[in-house]
Amino acid sequence: MIKVAVDAMGGDNAPAEIVKGAIDAVTQRPDIKVYLVGQQDVVKEELAKNSYAGSQIEVVHADEVIETAEPPVMAIRKKKQSSIVIGMNMVKHQEADAFVSAGSSGAILVGGQVIVGRIKGVERPPLAPLIPTEKGVSLLIDCGANVDARASHLVQFAKMGSIYMENVMGVKNPKVAIVNIGAEEEKGNALVKETFPLLKNCPDINFVGSIEAREIPHGEADVIVCEAFVGNVILKLYEGVGATLISKVKQGMMTSLRSKIGALLVKPALKKTLKSFDASEYGGAPLLGLNGLVVKTHGSSKAKEVSTSIIQCVTFKEQQINEKIRKNIGISPMEEE
């Protein structure tokens, strides 16, 4: 049984969609046990509205909720009985294999480092979401955890991203690229210029050079390396353009009787194509390099994304991603002593 603690109180659609997502996950996978962490009465009320396998879901009471607008460090320190702090402590004490939350990004990042803790030797844990591309998916690393990253951080991001893509997504010898404003090696800001030769000379990764933003959707690289400011801009623009494009396509198909008839004919194929570009199909973003697995999902996550995020924890655990990161980047327990 893979045990996943889920923040039942985090996100715009909590607790209803979180609870539905948990039920969907355990319905699909009999090898998952979910601990719904939150205000017991509220969570149990939502559970009562649905049918589910009772033994696979357990409610863990948490009095407090960390709101999105709260200062993260202060919230983690003061709200010891919040769903985020209790869920992360479950991972720390190995009562759960993973923690999934759609709650405050800042609190999750702070809690991940302060409570769960970094693998010894990992300088900064990055957030790494999968983004849809023409060829499948790519890993965008970092998308929100380290705005002021150094070159050594980006090299570690590249290594961790390669481990994740190869072992979780099954991509053999994944291609790694650094986000840049041109393909030439001499281009870029100070951080990119400093990082490029380090990645080029790194024997642990398959570095293919720079990648411009317009090439990312084509799937020209499997691991997209950047610091969090750039990564977050790429991710948000990606999501915004995707949503706008889908909206405009639907709008265009309803303009006339002819277009409506055409829409009916292409609907099955179009639905399948649009589904492949739906972020909820790929789950949340793991915070890589911690002593346990922490996954951040979108604040607006619905049941589908919550369910996918829970299920992705199984592969992460089965493939022993943390152990592989420790072996390739971190310091072994023997060295720590």
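For the structure itself, look to the data block above.
In this report, the structure presented in the accompanying data block is examined. (Residues numbered from 1 in each chain as written. Predicted model: local features only at pLDDT ≥ 70, side-chain atom pairs only at ≥ 80, totals over all residues. Heavy atoms only, no water.)

## Quick notes on the sheet that holds strand S5 (residues 130-133)
- One open sheet accounts for 5 strands, arranged S5-S6-S9-S7-S8; its pairing is mixed. Each of the sheet's edge strands pairs with one partner strand only, and the pair in question is S5 and strand S8 (206-211). Taking each pair of neighbouring strands and ignoring which way they run, the sheet shows an average axis angle of 30°.
- The pairing of strand S7 (residues 175-179) with strand S9 (residues 223-225) spans 3 bridges and is parallel. Of the residues in S9, the one forming a bridge with alanine 177 is isoleucine 224. (Pairing = 2+ DSSP bridges. Helix = DSSP H or I, 4+ residues; strand = E, 2+ residues; numbered from the N terminus. Axes fitted to C-alpha atoms, helices over the stretch in contact; angles between N-to-C directions.)

## As for the packing of aromatic side chains
- Under the defined criterion, the tally for this structure stands at 2 aromatic pairs.
- Aromatic pair tyrosine 164 and phenylalanine 316: ring centres 6.2 Å apart, planes at 50°, arrangement tilted. Within this pair, whereas tyrosine 164 is found in helix H6 (residues 151-167), its partner phenylalanine 316 is found in helix H10 (residues 303-318), the two being separated by 152 residues in sequence.
- On the basis of relative accessible area, tyrosine 164 is assigned to the buried category, the value being 2%.
- For the pair phenylalanine 196 and phenylalanine 207, a centre-to-centre distance of 5.1 Å together with 75° between the ring planes defines the contact as edge-to-face. (Phe/Tyr/Trp six-rings, centres within 6.5 Å; stacked < 30°, edge-to-face > 60°. Buried < 20%, exposed > 50% of the residue type's maximum accessible area, 1.4 Å probe, protein only.)

## What about the pattern of salt bridges?
- All chains considered together, the criterion is met by 13 salt bridges.
- With its nearest N and O atoms 3.7 Å apart, the salt bridge here joins glutamate 184 to lysine 187.
- Accessibility expressed as a relative area gives 35% for lysine 187, which makes it partly exposed.
- With a closest N to O distance of 3.6 Å, arginine 214 and glutamate 212 form a salt bridge.
- Salt bridges sharing partners connect three or more residues here, namely Glu212, Arg214 and Glu215. (Salt bridge = Lys/Arg side-chain N within 4 Å of Asp/Glu carboxyl O.)

## With respect to the nonpolar core
- One finds Val4, Val34, Leu36, Ile310 and Ile325 to be the most contacted residues of the largest nonpolar core, which totals 64 residues.
- The residues touching valine 4, leaving out its near neighbours within four places in the chain, are Ile32, Lys33, Val34, Tyr35, Ala98, Val100, Ile310 and Cys313.
- Listed in part, the 40 residues of the second largest apolar core include Ile76, Ile108, Ala221 and Ile234. (Core = buried A, V, L, I, M, F, W, Y, C linked by side-chain atoms within 4.5 Å. Contact = heavy atoms within 4.5 Å.)

## Some words on the pairing of S8
- The pairing of S7 with S8 spans 5 bridges and is parallel. Residue pairing across strands places lysine 175 opposite asparagine 206, the latter belonging to S8.
- The β-α-β motif built from S7, the intervening helix H7 (residues 190-200) and the parallel element S8 has right-handed crossover chirality. (Right-handed = clockwise from strand over helix to strand, strands pointing away.)

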